[in-house]
Amino acid sequence: MLVAAAAAMIAGAGAVTVGARPAGAWTGDPDGSFGRCGSERVDITKRQTGEATSVVLDGGRYVVGGSVGTRALVTRFTSAGALDRAYGAGGMRAFALGDDATVTALARQSDGKVVAAGTRTAHGSVDSMVARLTTHGALDPDFHSSGRVVMNLGGNDRLTSVRVQANGAVVVGATAGSAGAVARLTPAGDPDPTFNGDGRRTGLPMTVQAMVLQPDGKIVIGGRHGDDFALMRLEPDGSTDAGFGGSEGVRSNLGGYDYVTGLALDADGKIVAVGAGHGAARGSHTIVRRYNADGSRDTAFQNVDRAFGLDDEPVGVVVRGDGKIVVAGNSTVAGDNDILLLRLESDGTRDQSFGIGGVSLTDAGARPIAGDLAVRADGRVLVVGSLHTGGARQLALLRFQGDTATAPRPAQGYVIDGYGAPFGFSAGCAAKPPRATGSPYWSGWDIVRGIAVLPGGRGLVVDGFGGLHPFKLGDGSTAGLATSGARFWAGQDMARGVAVVPEGTGGYVVDRSGGLHPFRIGSGARPKIPAGVPSWPGRDFARGVALLPNGAGGYVLDAAGGLHPFGGAPAAGAGAPSWTGQDMARGVTIAPDGSGGWVVDAYGGMHPFGIGANAKPPTAVGGPAWPGFKIARGVAALP
């Protein structure tokens, strides 16, 4: 889902054109061949919260760090997203330390062992924790005898990053309040006396939220100095490298409360820093900068100051071997969260071959939260984090298509009948969407006229009079879903469909003559009526409405299957249905990437079509079919 505000930001950075794409997925789309429609969730321990914060590649496998309940957790997954049962105990190693423990960062040694860094809480005190695991997932007895070590690096300190040097020494970065610390351990897990005398450098004038090692052994850290975006470089012995921006490093006042969240080196040794800024405008925005070896800003790199639009924060960055930069993060959208991917060319401009204008967003239907990312050699991106399902957060992996997209773009949604019953369907994957609950039902009364799904696992059903009725799906909530300003035709069968703007702050009901009637959701603004909306005065001809996921217009569906663009939307192309002279169409919805969509006929049949010159999306499966009974009344895909 690409929210309208994000689309405006992208357009402001330069014209974005979406040309013809091959059938199936686009680069940056969720990978329908992975897990269940591009994501895999694991209930590590029933009734306990699980989440992933970090990931490293292990050949074709993924090693993932995080927590389950109060225990630190390291797991290993196969390339297909299944737990690797040969690792630890059934694919995982969970261990307790004190009252609470969590893994926040991972690093893989050349011998395949994995170093996990994080925090340990005991009796209200928070300290840094480092553990090393063998290739089979056991705590390594050759590391500090127990496989783990706890350090106090100043106050309530939390390890945020870890790297392993070529000689096996372990370097960790921590934040303690507004200060930072860097420590180095020997391969045996003991403090390294060659680093600042006692193996640690505490009281740094900035937080340490990210770290990268240079080939010459120097250590670059990133975080926040006061309210400024900050980087600093240490010599191999732990002293400050004044040749990198001076004695306190590089500070950038970007107009608000700014900080670094991720660092990476490119092939030339330049430093790519990502982070977040909180300026005068509400919310957070993505920042990407590149620095030369002396800490000066690389003026050949186009700065990024607002990648997605609403309220977003990156969690990590990877620079590929070809110089392309991949950033993963989170964005708050109308109380929900989307996972965001941004791909840049080596000069900082947007990679137009990735997603829509260099940006890919996914909702995943269960309030996803990203913790970290890894990029495979074929360009496929794995994001780890959590999904909310079964009443709690569960550790989750989400994979996105690489440079040669081969699997279909997965989509899920619902067809609704005239009585109010929703029926799930999928396209490009086998899994159906979460069960919809709370939907109104009028047994024996054909009153429903449309359905829409919003971010956050919730939706709206419209009845023939224009009444809007909320429902939820999975672990979603209808809180804050009150609508206002909607047109109501008491006793008249006038409404023919409903669509919600990508932000979930408002929407439109279409009447039988094609007129659009805007409404508000919660405290959101009532959207404006777009230009070019079709109209058939006095005729009962409209059968549905759908909006593009980039907020740039949409389509009104007529009874014969004709799709009429408005607001600048391109014409529907390949596969668009047509039942000339027949009242057969009952609803229309757009795929999450905007490449095409589906028209549902009166019997529940789904008919895919492309948008513009794009190929039509996959055929939907699992939906209802009522041969001879014209009972379908609408269709909606999950954002």
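From a predicted model like this one, the values you see are computed outputs, not experimental measurements.

### Comments concerning the overall build of the protein chain
Next up, step 1: The number of helices and strands found in the protein chain is 1 helix and 45 strands.
Next up, step 2: Computed over the C-alpha atoms, the radius of gyration of the protein chain is 26 Å, within 12% of the 26 Å expected from 2.2 N^0.38 for a compact globule of 639 residues.
Next up, step 3: Projected onto its principal axes, the C-alpha positions of the protein chain cover 85 × 50 × 40 Å.
Next up, step 4: The 639 residues of the protein chain split such that 60% are buried.
Next up, step 5: Across the protein chain, the fraction of contacts at a sequence separation of at least 24, relative to all contacts at a separation of at least 6, is 50%.
Next up, step 6: Roughly 22,100 Å² of accessible area belongs to the protein chain as shown, and the carbon and sulfur atoms make up 50% of that amount.
Next up, step 7: A gap of 6 Å separates the mean positions of the 57 positive and 55 negative side-chain charges of the protein chain.

### Observations concerning the sheet that holds strand β2 (residues 50-58)
Next up, step 1: In space, the 4 strands of this open sheet follow the order β2-β3-β4-β5, with antiparallel pairing throughout. Only two strands of the sheet have a single neighbouring strand rather than two, namely β2 and β5 (92-95). Ignoring which end each strand starts from, the neighbouring axes of this sheet average 15° apart.
Next up, step 2: Pairing of β2 with strand β3 (residues 61-68) involves 8 bridges; the strand directions are antiparallel. Bridge pairing in β3 links L57 to Y62.

### Some words on the state of the cysteines
Next up, step 1: Inspection of every chain in the model, using the stated rule, returns 1 disulfide.
Next up, step 2: Paired through a disulfide, C37 and C429 show a sulfur-sulfur distance of 1.8 Å. On the sign convention where negative means left-handed, the S-S torsion of about 70° between C37 and C429 marks this disulfide as right-handed. Of this pair, C37 sits in the loop between α1 (4-12) and β1 (39-42) while C429 sits in the loop between β29 (422-427) and β30 (436-437); the two residues are 392 residues apart in sequence, bridging distant segments of the chain. No difference in accessibility class separates C37 from C429, as the two residues are buried.

### Some details on the environment of G491
Next up, step 1: Checked against the element boundaries, G491 lands in the loop between β34 (483-484) and β35 (495-500).
Next up, step 2: Here G491 falls in the exposed class, since its relative accessible area comes to 68%.
Next up, step 3: Between the C-alpha atom of G491 and that of G464, which follows or precedes it by 27 residues, the distance is 8.7 Å.

### Focus: the packing of aromatic side chains
Next up, step 1: Counted under the stated rule, the structure contains 7 aromatic pairs.
Next up, step 2: Ring pairs connect the aromatic residues W445, F465 and F488, which therefore count as one cluster.

### A closer look at the sheet that holds strand β28 (residues 411-417)
Next up, step 1: Strand order in the open sheet formed by 4 strands is β44-β29-β28-β45, and the pairing between neighbours is antiparallel. Two strands in the sheet have a free side with no partner beyond their single neighbour: β44 (620-621) and β45 (632-637).

### Section: the pattern of salt bridges
Two side chains bearing opposite charge may form a pair once their charged atoms approach each other closely.
Next up, step 1: With the rule as written, the count across this model stands at 35 salt bridges.
Next up, step 2: Across the pair R633 and D446 runs a salt bridge whose closest N-O atoms are separated by 2.6 Å. One end of the pair, R633, is in strand β45; the other, D446, is in the loop between β30 and β31 (448-454), with 187 residues separating them in the sequence.
Next up, step 3: When salt bridges with common partners are traced through the structure, they connect D446, R449, D493, R496, D540, R543, D583, R586 and R633 into a single cluster.

### Describing the pairing of strand β11 (residues 170-176)
Next up, step 1: Counting buried residues along β11, 6 of its 7 residues qualify, which places the element largely inside the surrounding structure.
Next up, step 2: Judged from the 6 bridges that link them, strand β10 (residues 158-164) and β11 form a sheet pairing that is antiparallel. Counted as the bridge partner of R163 is V171 from β11.
Next up, step 3: Counted along the chain from β10 to the antiparallel partner β11, the turn is 5 residues long, and its residue G168 has a positive phi close to 90°.

### Some points on the pairing of strand β20 (residues 285-291)
Next up, step 1: Burial runs high along β20: 7 of the 7 residues are buried.
Next up, step 2: Of the two faces of β20, both are covered, the one formed by H285, I287, R289 and Y291 as well as the one formed by T286, V288 and R290.
Next up, step 3: The pairing of strand β19 (residues 271-278) with β20 spans 7 bridges and is classified as antiparallel. Paired with G275 across the bridge in β20 is I287.

### Overview of the confidence of the model for the protein chain
Next up, step 1: Predicted confidence across the protein chain gives a mean pLDDT of 91, with 94% of residues reaching 70 or more.
Next up, step 2: In the predicted structure, residues 1-23 sits below a pLDDT of 50 and forms 60 contacts with residues beyond four places in sequence or in another chain.

Basis of the calculations
- Residues numbered from 1 in each chain as written.
- Predicted model: local features only at pLDDT ≥ 70, side-chain atom pairs only at ≥ 80, totals over all residues.
- Heavy atoms only, no water.
- Helix = DSSP H or I, 4+ residues; strand = E, 2+ residues; numbered from the N terminus.
- Rg over C-alpha atoms; globule rule 2.2 N^0.38 Å.
- Buried < 20%, exposed > 50% of the residue type's maximum accessible area, 1.4 Å probe, protein only.
- Contact = heavy atoms within 4.5 Å.
- Areas by Shrake-Rupley, 256 points an atom, 1.4 Å probe, with all protein chains shown as cover.
- Lys, Arg positive; Asp, Glu negative; His and termini not counted.
- Charge placed at Lys NZ, Arg CZ, Asp CG, Glu CD.
- Pairing = 2+ DSSP bridges.
- Axes fitted to C-alpha atoms, helices over the stretch in contact; angles between N-to-C directions.
- Disulfide = S-S within 2.5 Å.
- Phe/Tyr/Trp six-rings, centres within 6.5 Å; stacked < 30°, edge-to-face > 60°.
- Salt bridge = Lys/Arg side-chain N within 4 Å of Asp/Glu carboxyl O.
- pLDDT = per-residue confidence, 0-100.

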